[in-house]
Amino acid sequence: MAALRAAGVLERIAARVARETAGALCDDGMPAEAVATALGTTRSKTLVLLLTTRAR
C-alpha cells in the first residue's frame, strides 16, 4: 500500500511540475506546439493544461 501511495504522490508532483513548466515556457514566448512536442502530447491537451494552470 505504501508503494501505491508513493506512486500517487509522485504522479501529482509530476503533473504539477508539467503544468508550471508549460505555463512558464508559454509565458516566455514558446509556442504551444513546441511545448506539446516536448511533453509528448497533442497541442489541444497542452492548451487544456495551460488553461488549468492559469485558472489557479
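Further up the page is the structure itself.
Note that this is a predicted model, so its numbers are computed, not measured.

Counting five residues, the largest nonpolar core is built from Ala-22, Cys-26, Val-35, Leu-49 and Leu-50. For this core, the secondary structure elements donating two or more residues are helix H1 (2–27) and helix H3 (43–54). Those residues within four positions of Leu-50 in sequence are excluded, and the remaining contacts are Ala-22, Gly-23 and Cys-26.

Next up on the list: the pattern of salt bridges. Applying the stated criterion to the full structure yields two salt bridges. One salt bridge in this structure joins Arg-16 and Glu-20, with 3.8 Å as the shortest N-O distance. One end of the pair is Arg-16 and the other is Glu-20, both in helix H1 and four residues apart, which spans about a single turn. Residue classification places Arg-16 among the partly exposed positions, given a relative accessible area of 40%. Between Glu-33 and Arg-43 there is a salt bridge, with its nearest N and O atoms 2.6 Å apart.

Rules and cut-offs
- Residues numbered from 1 in each chain as written.
- Predicted model: local features only at pLDDT ≥ 70, side-chain atom pairs only at ≥ 80, totals over all residues.
- Heavy atoms only, no water.
- Core = buried A, V, L, I, M, F, W, Y, C linked by side-chain atoms within 4.5 Å.
- Buried < 20%, exposed > 50% of the residue type's maximum accessible area, 1.4 Å probe, protein only.
- Helix = DSSP H or I, 4+ residues; strand = E, 2+ residues; numbered from the N terminus.
- Contact = heavy atoms within 4.5 Å.
- Salt bridge = Lys/Arg side-chain N within 4 Å of Asp/Glu carboxyl O.

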